[in-house]
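Architecture and fold: a report
Chain by chain, the residues run as shown.
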Amino acid sequence: MAKPATDTNLSLCEITMKPVRSSFLMLKKLSERSRAASSAAEKHQQEESVSRKERLQDWLSPKPARIQLFDGERELFRKGLILVTDTRLAYIDPFDRMLKTYMFEHMISVHKQFYRATVFNQRLCKSLLILSVLIFLVILTIDLLDSASSGFFLVYVPLAASILLGIKAWNDMKPWYIVHWRMRDHTYGEITQEPLLRERIRGDTKREEFMNELANAMNEALSGKTWWPSKTEQTSNNSMTTQSSDREQQSEDESNPNDKSAARLTLVTDNYQ
C-alpha cells in the first residue's frame, strides 16, 4: 500500500511545480518585454535629442551637402567635408568656398608636416602664466586695499611684460598640422588644421588624429596606383628599341656602303623614347 502513496505524492509535486515554472517564465518574458520597451524608448529619446541638436546647429550655421560617392569607388576616409577614395580626394575649402577634387592618377607625392611642442614646454609655459597672473592679482588687491602702497606701481611693469611675453611664447608654441601634395602639372594643394583655444587648454588631440588618418588614407590611395611599368614591360620595350635601332643601323649601312669607317653615335635618350 506504500507505493501508491509515493506515486500520489510525486504527482502532486509535479502538479504544483508546473504552475510555478509557467508563472516564472511568464514573469521573465514580461520583464524582458519591459526592458526592451524601455531601451527602445530611451533610444528614441536620444535620437530625438540628437536630431534637435543637429537641426539647431544647421539652423545656426548651415553646412553644405555631403560629398557623393560614385559607382566603382572605394571609400577610404570620410570625415566632415573631406572624402578620400581610391580614385580622388574631394573636399570643400571653407576659405575659397568651393569644392576641390584632386585625382590620385595625376598626383605625384604627399607630404605631412606636423608641429607640436613638447609636454614639458607646454606645462612650463602654462604654469608661469598662471603664476604671473596670480601675482598680478595679489599685488593689485594689496594696492587697492592699502592706500600707502604707492611704490607698487613699478612692480606692474615687469609683471605685465612677463605676462605678455608668456602669451607670445604660448602662441608661438601653438601646434599646426599640414598635409600638402604635388600634382604632375607642378601645382600644389594643402589642408591645414590648427586647434582652437579651448582644445589647447584641454589638451585635445582630435585634430592631430584626424590629420593622421587623412594622410594615411591619401598614402594608401596613392600607393595603389601603378606609376611605372613592370619589369616584363620594360624588357619588352628595351628589346623593341634595340631591334628598331639595329634595323635603322642596317638600313643606313646599306644606303652608305662607302662610309663604313664613320662610327654611329647612340644617344642615351633613344632608350627612353
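Below or above, wherever it landed, is the structure these notes cover. (Residues numbered from 1 in each chain as written. Predicted model: local features only at pLDDT ≥ 70, side-chain atom pairs only at ≥ 80, totals over all residues. Heavy atoms only, no water.)

1. Thoughts on the overall build of the protein
Tallying secondary structure elements over the protein gives six helices and seven strands in all. Traced from its N-terminal end to its C-terminal end, the protein shows the element sequence α-β-β-β-β-β-α-α-β-β-α-α-α. Counting the 273 residues in the protein, one finds 19% classified as buried. Of the accessible surface of the protein, which amounts to about 21,600 Å², a share of 59% is contributed by carbon and sulfur atoms. (Helix = DSSP H or I, 4+ residues; strand = E, 2+ residues; numbered from the N terminus. Buried < 20%, exposed > 50% of the residue type's maximum accessible area, 1.4 Å probe, protein only. Areas by Shrake-Rupley, 256 points an atom, 1.4 Å probe, with all protein chains shown as cover.)

2. Examining the sheet that holds strand β6 (residues 176–183)
If you trace the three strands from one edge of the open sheet to the other, you get β5-β6-β7, paired in antiparallel fashion. Edge strands, defined here as strands with exactly one partner in the open sheet, are β5 (107–115) and β7 (188–193). For this sheet, the mean inter-axis angle between neighbouring strands, taken without regard to orientation, is 15°. Across the face of the sheet, helix α5 (residues 206–223) comes into contact with β5, β6 and β7 while running at roughly 160° to β5. (Pairing = 2+ DSSP bridges. Axes fitted to C-alpha atoms, helices over the stretch in contact; angles between N-to-C directions. Contact = heavy atoms within 4.5 Å.)

3. Side note on the sheet that holds strand β2 (residues 82–85)
Spatially, β1-β2-β3-β4 is the arrangement adopted by the four strands of the open sheet, whose pairing is antiparallel. Strands with a single pairing partner mark the edges of an open sheet, and in this sheet they are β1 (75–79) and β4 (98–103). Averaged over all neighbouring strand pairs, the angle between strand axes comes to 10°, with direction disregarded. Where β2 lies against strand β3 (residues 88–93), three bridges are found, and the strand directions are antiparallel. Pairing of Val-84 across the sheet is with Leu-89, part of β3. Sheet strands in contact with α5 are β1, β2 and β3, and its direction is about 155° off that of β1.

4. Thoughts on unusual backbone geometry
Positive phi outside glycine occurs at Arg-97, with the angle close to 60°. Looking at where Arg-97 falls in the secondary structure, it is placed in the loop between β3 and β4. The backbone of His-186 sits at a positive phi, close to 65°, despite the residue not being glycine. For His-186, the location among the structural elements is in the loop between β6 and β7.

5. Some remarks on the packing of aromatic side chains
According to the stated counting rule, one finds six aromatic pairs in the structure shown. Centroid distance Tyr-102 to Trp-181: 5.2 Å. Interplanar angle 75°. Geometry classified as edge-to-face. In this pair, Tyr-102 is assigned in strand β4 and Trp-181 in strand β6, connecting sequence segments 79 residues apart. Assessed through its relative accessible area of 16%, Tyr-102 is described here as buried. A connected cluster of aromatic rings, assembled from ring pairs, spans Tyr-91, Tyr-102 and Trp-181. Lying across the ring of Phe-114, Lys-112 places its NZ or CZ 5.1 Å from the centre. (Phe/Tyr/Trp six-rings, centres within 6.5 Å; stacked < 30°, edge-to-face > 60°. Lys NZ or Arg CZ within 6 Å of the ring centre and 35° of its normal.)

6. Comments concerning the side chain of Glu-199
Looking at where Glu-199 falls in the secondary structure, it is placed in helix α4 (residues 197–202). Given a relative accessible area of 16%, Glu-199 falls into the buried group. Here the side chain of Glu-199 touches Leu-196 through a polar contact of 3.2 Å, landing on its backbone nitrogen. There is a polar contact of 2.8 Å between the side chain of Glu-199 and the side chain of Arg-207. (Polar contact = N/O pair within 3.5 Å; in protein donor to acceptor, adjacent residues only side chain to side chain.)

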